[in-house]
Amino acid sequence: MLARRTLGRIASQPQVLGAAPSQARNMATLREIELRLKSVRNIEKITKSMKMIASTKLAKAQRAMQAGKEYGLANAELFKHASPEETGKRKLFIVVSSDKGLCGGIHSSVSKATRREFAEKGKVEEDSPIMVIGDKSKAQLSRALPKNIVMSFNQIGRDIPTFADAAGVADLILTSDVKYDSIAIVYNKFVSAISYEPAIIEVEPEKLLKEAPGFRAYEMEDDVTRDLSEFTLANAIYAALVEAHACEQSARRNAMDNASKNASDMINRLTMQYNRGRQAAITNELVDIITGASAL
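Residues numbered from 1 in each chain as written. Predicted model: local features only at pLDDT ≥ 70, side-chain atom pairs only at ≥ 80, totals over all residues. Heavy atoms only, no water.

Side note on the overall build of the protein chain
Here is step 1: The helix and strand tally for the protein chain stands at eight helices and five strands.
Here is step 2: Shown N-terminal to C-terminal, the secondary structure of the protein chain runs as helices and strands in the order α-α-β-α-β-α-β-α-β-β-α-α-α.
Here is step 3: In the protein chain, which comprises 296 residues, the proportion classed as buried is 35%. (Helix = DSSP H or I, 4+ residues; strand = E, 2+ residues; numbered from the N terminus. Buried < 20%, exposed > 50% of the residue type's maximum accessible area, 1.4 Å probe, protein only.)

Here's what the structure looks like:
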């Protein structure tokens, strides 16, 4: 008798506010999965479009890189026959990156290469200046070497870099009051369409060119040596810019390809989860209908 009264009181109590039946929870879950599926499908469309755009830009960037490499080869030939006897440890590092993201770890590779140069004791002075082309590497190096950054450039290389862009950067570097013994350009070297690696181009300023044995053998006016050093710096920056731009487009295409594959895998998993939940909800409804029919 007491058990019946207790069960009666429990049955007569109102349901807790906010509690939902199991079918309602299943429907809410199915609705959430459906919205997630829609969102992931939209992301997949965007990543596939960005991959196609990057593939088109990569073909143009590779053609520009092949033409720009000739400038770098000319510089290498010059410095090969005019290497200085002694260089100082105060280097000016010019780090080449860009303002755009969504291209994997291509920006962090040049930042890590720069930090490695400073980490090796006795190789460069601790207060050696750094100039950064691109906002991405600037943000990374601002956290690691904030006191060394003296100048930064942006809005360069939004499209295929030109020699005018490199000449403008070189002019600002030469007219600045930054003191240095030599110049090191840190950039990404194009290895293949799927790989790249950080590299450094050494550029000799006017003072080292004058002191080089290959230059001392000839009589030259100061203006000639000054113009040559400015031109070689612009050449080296241009060669680094076009090669880094090709690496960026290649990395972006690979990153968007991987993102599209991940989105496709997620769509398959969510679709399977949605179908299983929908089938379970239908089964539960059929069980309720059959149970009610049997009770009648």
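Points about the pairing of strand 5 (residues 195–203)
Here is step 1: In the sheet, strand 4 (residues 182–192) pairs with strand 5 via nine bridges, with the strands oriented antiparallel. Bridge pairing in strand 5 links Phe 190 to Tyr 196.
Here is step 2: Between strand 4 and strand 5, which follow one another and run antiparallel, lie two residues. (Pairing = 2+ DSSP bridges.)

With respect to the nonpolar core
Considering soluble globular proteins, one finds that nonpolar side chains tend to be buried as a cluster.
Here is step 1: By size, the foremost hydrophobic cluster in this structure holds 27 residues, and its most contacted members are Ile 94, Ile 133, Ile 173, Ile 185 and Ile 237.
Here is step 2: Put simply, the parts of the chain that give this core at least two residues each are strand 1 (91–96), strand 2 (130–133), helix 5 (163–175), strand 4, strand 5 and helix 8 (222–295).
Here is step 3: The biggest single contributor to this core is helix 8, with nine residues.
Here is step 4: With residues up to four places along the chain from it excluded, the contact list for Ile 173 reads Leu 92, Ile 94, Met 131, Phe 153, Tyr 180, Leu 233 and Ile 237.
Here is step 5: If you look at the next biggest cluster of nonpolar residues, it comprises twelve residues, including Val 95, Phe 118, Ile 130 and Val 186. (Core = buried A, V, L, I, M, F, W, Y, C linked by side-chain atoms within 4.5 Å. Contact = heavy atoms within 4.5 Å.)

Some points on the packing of aromatic side chains
Here is step 1: All told, the structure shown has three aromatic pairs when counted by the stated rule.
Here is step 2: When the ring of Phe 163 is compared with that of Phe 231, the centres are 6.0 Å apart and the planes differ by 55°; the resulting orientation is tilted. One end of the pair, Phe 163, is in helix 5; the other, Phe 231, is in helix 8, with 68 residues separating them in the sequence.
Here is step 3: On the basis of relative accessibility, which here comes to 27%, the residue Phe 163 falls in the partly exposed class.
Here is step 4: Classification of Phe 231 by relative accessible area gives partly exposed; the value is 45%.
Here is step 5: Ring centres of Phe 163 and Tyr 238 lie 5.8 Å apart, and the angle between their planes is 75°; on these two criteria the pair is classed as edge-to-face. Separated by 75 residues along the polypeptide, Phe 163 in helix 5 and Tyr 238 in helix 8 bring together distant segments of the chain.
Here is step 6: Taking the relative accessible area as the measure of exposure, Tyr 238 reaches 11% and is therefore buried.
Here is step 7: Among the aromatic side chains, those forming a connected cluster through ring pairs are Phe 163, Phe 231 and Tyr 238. (Phe/Tyr/Trp six-rings, centres within 6.5 Å; stacked < 30°, edge-to-face > 60°.)

Comments concerning helix 5
Here is step 1: Taking 1.5 Å as the rise per residue, helix 5 with 13 residues should run 18 Å; its terminal C-alpha atoms sit 18 Å apart, in good agreement.
Here is step 2: Along helix 5, the positions that sit buried rather than exposed are Ala 166, Val 169, Ala 170 and Ile 173. Taken end-on, helix 5 shows its buried residues confined to a sector of 100°, consistent with a single buried face. Counted as exposed and oriented over 90 degrees from the buried face of helix 5: Ala 164 and Thr 175. (Expected span 1.5 Å × (residues − 1). Arc of directions from axis to C-beta.)

Considering the pattern of salt bridges
Here is step 1: The tally for this structure, following the rule as stated, stands at eight salt bridges.
Here is step 2: The closest approach of N and O atoms between Asp 257 and Lys 51, which form a salt bridge, is 3.0 Å. On the criterion of sequence distance, the pair formed by Asp 257 in helix 8 and Lys 51 in helix 2 (residues 22–81) is long-range, its members being 206 residues apart.
Here is step 3: Among the residues examined, Lys 51 registers a relative accessible area of 29% and is labelled partly exposed.
Here is step 4: Taking the shortest distance from any N to any O, the salt bridge between Arg 252 and Glu 248 comes out at 3.0 Å. Of the two residues, Arg 252 and Glu 248 both sit in helix 8, four residues apart, roughly one turn of that helix.
Here is step 5: Under the relative-accessibility criterion, Glu 248 is labelled buried at 6%.
Here is step 6: Connected through shared salt-bridge partners, Lys 51, Asp 257 and Lys 261 make up one network. (Salt bridge = Lys/Arg side-chain N within 4 Å of Asp/Glu carboxyl O.)

Considering the sheet that holds strand 1
Here is step 1: Taken in spatial order, the five strands line up as 3-2-1-4-5 in an open sheet, and their pairing is mixed. Each of the sheet's edge strands pairs with one partner strand only, and the pair in question is strand 3 (149–153) and strand 5. Looking at each pair of strands side by side, their axes are set apart by 20° on average, direction ignored.
Here is step 2: Across the sheet, helix 5 is in contact with strand 1, strand 2 and strand 3; its angle to strand 3 comes to roughly 155°. (Axes fitted to C-alpha atoms, helices over the stretch in contact; angles between N-to-C directions.)

Remarks on the side chain of Ser 182
Here is step 1: Note that Ser 182 resides in strand 4.
Here is step 2: A relative accessible area of 4% places Ser 182 in the buried class.
Here is step 3: Once residues within four sequence positions are removed from consideration, Ser 182 is found in contact with Gly 88, Arg 90, Lys 91, Leu 92, Val 203, Pro 205 and Leu 208.

Such coordinate-based values are descriptive only and should not be taken to indicate function.
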